[in-house]
Each structure stands twice: as structure tokens, then as C-alpha cells.
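These are the residues of each chain, in order.
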Amino acid sequence: MPRYVIGVGSNSKDAEARVESALRFLGCELDNVRSSNVYRTPSTKNDGTFYVNAVVSGFSSHPVEILERICKDYEQAQGRVKAPEAPVVIDLDVVIKDEKVLRPRDLSQSYFTIGFNQIFH
């Protein structure tokens, strides 16, 4: 069964609660879950806003495409709207499958590396 590493983030008014809820959701979707602490990072847009983030690792028998769809369906069910000015209610990104990096940009961003390092170092 492959191991997945998923980045979680939100910049909504209730961001911490949104991230905590997503962690519980992923805990039901993955086996042998490990998660980082919940933490804040500045937006990569350098606009003075902050995100609340976490990283989750766990195993799933789902192919990556199915797990990504599960994550995006969860985002939509939580009210995520993809519009430039809309707050990010919740964002779940499958960044790593086993040893394969699916989202290389995330590996250099503090919103991911802080949580990743908590889990794996």
C-alpha cells in the first residue's frame, strides 16, 4: 500500500478549525496516519495574510488519482471556491506518493516543509 504525504492549508476566518476538521477527515481516509502540529505561515503572495497549515502522512490502497479526487471533493463540500479573491476555505494537496514527488514546488515552501520536517525528522 502506498504512503501519501498531504499538505493541508486554509486562510479563512476559521482556518484553525478548518484544518483540524480536515485532519480528522484524512484520519478516516488513511491508515497509520501521522500528522504535524497545526501552524501558521505567511502567504506566498507576500500580501500580509497568513495561512494555517499542517502535513499528514498515511497509507491508502487508493491510486493517487482517486485520493486526489477524494481531497478535492472534500474541499468542494467544505465550500472551497476557486476564485482569485476568494478565501481558501480548505486546501488538500497530495504532495508525495511513496518516494515520488508530485508537487515539487511545495517541497521548497515553508507551508509544507515545516510540517514535513516535524513528521519525518
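Up top is the structure these notes are about.
To start, this report covers the structure provided alongside it.

So, how was this worked out
The written sequence of each chain sets the order in which its residues are numbered from 1. Totals for whole chains, interfaces and linings use all residues, but because this is a predicted model, local features are given only for residues with pLDDT of at least 70 and pairs of side-chain atoms are given and counted only at 80 or more. Hydrogens are left out, water is left out, and the side-chain values use all remaining heavy atoms of the structure. Each helix is a run of H or I in the DSSP string that is no shorter than four residues. Each strand is a run of E no shorter than two, and both are numbered from the N terminus. With the radius of gyration taken over C-alpha atoms, the globule rule is written as 2.2 Å times the number of residues to the power 0.38. Relative accessibility decides the category of a residue: with a 1.4 Å probe and only protein chains considered, values under 20% of the type maximum give buried, values over 50% give exposed, and everything between is partly exposed. Reported accessibility uses the Shrake-Rupley method at a 1.4 Å probe radius. Residues are deemed covered only where the shown protein chains occlude them. Note that His is not counted, nor are the chain ends; the positive residues are Lys and Arg, and the negative ones are Asp and Glu. Every charge is mapped to an atom, namely NZ of Lys, CZ of Arg, CG of Asp or CD of Glu. Pairs were defined over the aromatic rings of Phe, Tyr and Trp, the Trp ring being its six-membered one, requiring ring centres within 6.5 Å. Orientation was assigned from the angle between planes: stacked under 30 degrees, edge-to-face over 60, tilted for the rest. Here, a charge over a ring is recorded when the distance from Lys NZ or Arg CZ to the ring centre is within 6 Å and its angle to the ring normal is within 35 degrees. Think of a nonpolar core as a cluster: buried Ala, Val, Leu, Ile, Met, Phe, Trp, Tyr and Cys residues, connected wherever their side-chain atoms sit within 4.5 Å. Should any heavy atoms of two residues lie within 4.5 Å, those residues are considered in contact. Residue count minus one, scaled by 1.5 Å, sets the expected span of a helix. Arc definition: directions from the helix axis to the C-beta atoms. Axis geometry follows a simple rule: fit a line to the C-alpha atoms, using only the stretch in contact for helices, then measure angles between N-to-C directions, giving values from 0 to 180 degrees. The handedness criterion is simple: a crossing whose near helix is rotated anticlockwise from the far helix by less than a right angle is left-handed, and one whose near helix is rotated clockwise is right-handed. Just so you know the grouping, Ala, Val, Leu, Ile, Met, Phe, Trp, Tyr, Cys and Pro go in nonpolar, Asp, Glu, Lys and Arg go in charged, and all remaining residues, Gly too, go in polar.

**Some points on the overall build of the protein chain**
Counting its secondary structure elements, the protein chain contains three helices and six strands. Ordering the α and β elements of the protein chain from the N terminus gives β-α-β-β-β-α-β-β-α. The C-alpha atoms of the protein chain give 13 Å as radius of gyration, which agrees with the globular expectation for 121 residues (14 Å, within 12%). In terms of its C-alpha atoms, the protein chain occupies a principal-axis envelope of roughly 40 × 30 × 20 Å. Across the 121 residues that make up the protein chain, the buried fraction comes to 40%. For the protein chain, the exposed area adds up to about 6800 Å²; of that, 50% sits on carbon and sulfur atoms. Charged side chains of the protein chain number 15 positive and 16 negative; the gap between the two group centres comes to 3 Å.

**Observations regarding the packing of aromatic side chains**
According to the stated counting rule, one finds three aromatic pairs in the structure shown. The rings of Phe-112, Phe-116 and Phe-120 are connected pair by pair, giving a single aromatic cluster. Here the basic side chain of Arg-34 rests over the ring of Phe-120, its NZ or CZ set 5.4 Å away from the ring centre. Note that Arg-40 overlies the ring of Phe-50, its terminal NZ or CZ placed 4.4 Å from the centroid.

**Overview of the nonpolar core**
Membership of the largest hydrophobic core comes to 19 residues, with the highest contact counts inside it found for Ile-6, Val-8, Val-19, Leu-26, Ile-90, Leu-92 and Val-94. Going through the elements one at a time, strand E1 (3–10), helix H1 (15–29), strand E4 (50–59), helix H2 (64–77) and strand E5 (91–97) are the ones with two or more residues in this core. It is H1 that contributes the most residues to this core, five residues altogether. Here Ile-6 is in contact with Leu-26, Leu-30, Ala-54, Val-55, Val-56, Leu-67, Cys-71, Leu-92, Asp-93, Val-94 and Val-95, once residues within four sequence places are set aside. Counting residues in hydrophobic clusters, the runner-up holds seven residues, among them Val-95, Ile-96, Phe-112 and Ile-119.

**Here we look at H2**
Between its terminal C-alpha atoms H2 stretches 20 Å, which fits the 20 Å expected from 14 residues at 1.5 Å a residue. All of the buried residues along H2 are Val-64, Leu-67, Ile-70, Cys-71, Tyr-74 and Glu-75. Seen end-on, H2 carries its buried residues on one side only, within an arc spanning 140°. Exposed and oriented more than 90 degrees from the buried face of H2 are Glu-65, Gln-76 and Ala-77. At the C-terminal side of H2, Gly-79 shows a positive phi close to 100°.

**Concerning the packing of H1 against H2**
One can describe the packing of H1 onto H2 by two numbers: an axis separation of 12 Å at closest approach and a directional angle of 145°. Considering the relative orientation of H1 and H2, their crossing is right-handed. Packed against H1, whose contacting residues are Ser-21, Ala-22, Phe-25, Leu-26 and Glu-29, the element H2 presents Ile-70, Cys-71 and Tyr-74 at the interface. Residue classes in the contact of H1 with H2 are distributed as six nonpolar, one polar and one charged.

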